[in-house]
Amino acid sequence: MELNKIEDILEKYFQGETSIAEENELKEYFSSSNVAQHLEQYKPMFGYFSQVKEQKSTQEIPLKTKKRNVAWLSIAASAVVLLGIGTYFYVSEKNTTQVVAQSELGTYDNPEEALAATQKALALVSNNVNVGIGSVQYIKEYEQSKNKIFKQ
């Protein structure tokens, strides 16, 4: 009876379906002296598990810590910060000269030139507004035809 139970548990063990209690039962069975002849081949495996479980490692593991040179790290960080500040001021100096040059565009000293430029700009705006009004006429025709079709 016990042999059949052990064979069943051994089958479950190889399927990966055993519990801890069943595995302990197998270890006890294979560590005893009355193991069935046809199960004798599994005895070293379970004996190895119990033997390895009792082993302890006495070897010391040296821990090596990396020492960073903080002085070089701080020097590199300050160099990066100074480089960034210098770049910022260099770029902002270029932008301020361009802004001043752009703000002077469009100013006229002679009133006649200013009048001519204003008339030219207003003529361009007027042409674009007239194109827009022409498009509105098409929309009105569309609305009228839509109202005829879909009498509301």
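Predicted model, so just to flag it, every value in this text is computed and none were measured. (Residues numbered from 1 in each chain as written. Predicted model: local features only at pLDDT ≥ 70, side-chain atom pairs only at ≥ 80, totals over all residues. Heavy atoms only, no water.)

Digging into the overall build of the protein chain
Broken down by element type, the protein chain carries 5 helices and 0 strands. In the protein chain, the succession of α and β elements from N to C terminus is α-α-α-α-α. Counting all 152 residues of the protein chain, 9% fall into the buried class. The contacts of the protein chain with a sequence gap of at least 6 include a subset with a gap of at least 24, amounting to 38%. (Helix = DSSP H or I, 4+ residues; strand = E, 2+ residues; numbered from the N terminus. Buried < 20%, exposed > 50% of the residue type's maximum accessible area, 1.4 Å probe, protein only. Contact = heavy atoms within 4.5 Å.)

Notes on the pattern of salt bridges
Scanning the entire structure with this criterion turns up 3 salt bridges. The partner of Glu-22 in a salt bridge is Lys-12, and the shortest N-O contact between them spans 2.9 Å. Of this pair, Glu-22 sits in helix 2 (residues 20-31) while Lys-12 sits in helix 1 (residues 2-15), and the two are 10 residues apart along the sequence. The exposure class assigned to Lys-12 is partly exposed, which follows from its relative accessible area of 30%. (Salt bridge = Lys/Arg side-chain N within 4 Å of Asp/Glu carboxyl O.)

Overview of the packing of helix 1 against helix 2
Two numbers describe how helix 1 lies on helix 2: the axes approach to 10 Å, and their chain directions differ by 125°. On the basis of the axis angle, helix 1 is oblique to helix 2. The handedness of the crossing between helix 1 and helix 2 comes out as left-handed. Counted together, Glu-2, Leu-3, Lys-5, Ile-6, Ile-9, Leu-10, Lys-12 and Tyr-13 of helix 1 and Glu-22, Glu-23, Glu-25, Leu-26, Tyr-29 and Phe-30 of helix 2 form the full contact between these two elements. Considering only residue class, the contact of helix 1 with helix 2 consists of 8 nonpolar, no polar and 6 charged. (Axes fitted to C-alpha atoms, helices over the stretch in contact; angles between N-to-C directions. Parallel < 35°, antiparallel > 145°, perpendicular 65-115°, else oblique. Left-handed = near helix turned anticlockwise from the far one by under 90°. Nonpolar A, V, L, I, M, F, W, Y, C, P; charged D, E, K, R; others polar.)

Topic: the nonpolar core
Ranked by size, the top nonpolar core spans 11 residues in total: Ile-6, Ile-9, Leu-10, Tyr-13, Leu-26, Tyr-29, Phe-30, Val-35, Ala-36, Leu-39 and Phe-46. Contributions of two or more residues to this core are made by helix 1 and helix 2. Tallying contributions element by element places helix 1 first for this core, with 4 residues. Those residues in contact with Ile-9, other than ones at most four positions away along the chain, are Thr-18, Glu-22, Glu-25 and Leu-26. (Core = buried A, V, L, I, M, F, W, Y, C linked by side-chain atoms within 4.5 Å.)

With respect to helix 5 (residues 111-149)
The end-to-end C-alpha distance of helix 5, which contains 39 residues, comes to 57 Å, matching closely the 57 Å that a straight helix rising 1.5 Å per residue would cover. Its side-chain oxygen placed 3.2 Å from the backbone nitrogen of Glu-112, Asn-110 serves as the N-cap of helix 5. (Expected span 1.5 Å × (residues − 1). Polar contact = N/O pair within 3.5 Å; in protein donor to acceptor, adjacent residues only side chain to side chain.)

Comments concerning a nonpolar patch on the surface
Among the surface-exposed residues, Val-81, Ile-85, Tyr-88 and Phe-89 lie close enough to one another that they form a single nonpolar patch of about 440 Å² accessible area. Mapped onto the secondary structure, Phe-89 falls in helix 4 (residues 70-104). (Patch = residues over 30% accessible without salt bridge, like charges linked within 9 Å, V, L, I, M, F, W, Y side chains within 5 Å. Areas by Shrake-Rupley, 256 points an atom, 1.4 Å probe, with all protein chains shown as cover.)

Some thoughts on the packing of aromatic side chains
Scanning all chains against the criterion turns up 5 aromatic pairs. Between Tyr-13 and Phe-14 the ring centres are 5.6 Å apart and the planes differ by 70°, which places this aromatic pair in the edge-to-face class. With a relative accessible area of 43%, Phe-14 lands in the partly exposed category. An angle of 50° between the planes, with centres 5.3 Å apart, marks the rings of Phe-14 and Tyr-42 as tilted. (Phe/Tyr/Trp six-rings, centres within 6.5 Å; stacked < 30°, edge-to-face > 60°.)

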